[in-house]
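Notes for the structure review
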Amino acid sequence: MPYFNGRFIERIVVLTGAGISAESGVPTFRDADGLWEKHDPMTIATPEAFQRDPALVYRFYNARRSKLAEVSPNSAHESLARLQREFAGDVFLVTQNVDDLHERGGSGQVCHMHGELLALLCTKCGHGDYTHEDFDASSRCPGCGSTGTLRPDIVWFGEFPYHMDEIEARLGGCELFIAIGTSGQVYPAAGFVRLALARGATTVEINRELSDVTGLFHHQRRGLATVEVAALVEELLAY
Ligand code: APR
């Protein structure tokens, strides 16, 4: 069975953030040219912002959704998919990202705790669906036929992330926790390393810079995700 750093590993939890998609050309949030450098998240990524100016919010997410067609998964996404296919134990992938690059990189299991750019949700009937197309207040819900009720199925600031019960159960049962390309500034994801540590897991951070929680990890792999993820996956599959 696989070993990492002299330790038997059967269950792995991987958390990814915007940094894993950066080399695919998807802007991160807090880097120098990041999304939150250009837009105030409080005017775009909150339920109140959507109530106040839905047209602005629809435009922001329609633009990000249409850009997905211009970007491709990178070797870090593909390396994680290979780990999920070939690792002898269990690999649970949870992402803060709302892009579809993990899926397009070959991952069959992806837990989107912050929702998905390609997903829409009807605030009236709860209908969920996927689309690559723009939608706005004039769009009709495929479920109930209403207009003015569709929203991006994205978890905004102040809303509760998806799948937290499963994520916490996975963190409570893993031997290895790997965080890739996340600044560690947004909870609950930034606290996952503590849950893993509480269970006695070995923790590894891959980031090109220090994050807000770097000091909580046993191991830091400082560098680009496309380099460091491939190297770590090779190590984990070497046994
Ligand atoms: N390789 C490795 N790490 C990288 C790379 C790269 N090529 N490029 C950037 N990074 C790292 C940065 O150093 C930073 O630590 O990725 C991280 C990106 O941080 P953020 O932009 O804050 O993105 P993230 O941590 O995913 O944000 C979390 O905040 O606004 C919310 O919902 C949004 O899901 C997002 C959440």
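Report on the accompanying structure.

Conventions we followed
- Residues numbered from 1 in each chain as written.
- Predicted model: local features only at pLDDT ≥ 70, side-chain atom pairs only at ≥ 80, totals over all residues.
- Heavy atoms only, no water.
- Helix = DSSP H or I, 4+ residues; strand = E, 2+ residues; numbered from the N terminus.
- Expected span 1.5 Å × (residues − 1).
- Buried < 20%, exposed > 50% of the residue type's maximum accessible area, 1.4 Å probe, protein only.
- Contact = heavy atoms within 4.5 Å.
- Pairing = 2+ DSSP bridges.
- Axes fitted to C-alpha atoms, helices over the stretch in contact; angles between N-to-C directions.

1. Focus on helix α4 (residues 54-67)
For α4, built from 14 residues, the straight-helix expectation of 20 Å at 1.5 Å per residue is met to within 8% by its first-to-last C-alpha distance of 20 Å. Those residues of α4 not exposed but buried are V57, Y58, F60, Y61, N62, R64 and R65. In this structure, the buried side of α4 is in contact with α2 (35-38), α3 (47-52), β6 (115-122) and β8 (150-154).

2. Focus: the sheet that holds strand β5 (residues 111-112)
An order of β5-β4-β3-β9-β10-β11 is seen for the 6 strands of this open sheet, with the pairing classed as parallel. The two strands at the open ends of the sheet, each matched to only one other strand, are β5 and β11 (219-222). In terms of strand pairing, strand β3 (residues 11-16) meets strand β9 (residues 176-180) through 5 bridges, oriented parallel. Residue pairing in the sheet places I12 in a bridge with L176 of β9. Docked against the sheet, helix α7 (residues 164-171) engages β3, β4 (90-95), β5 and β9, running at close to 135° with respect to β4.

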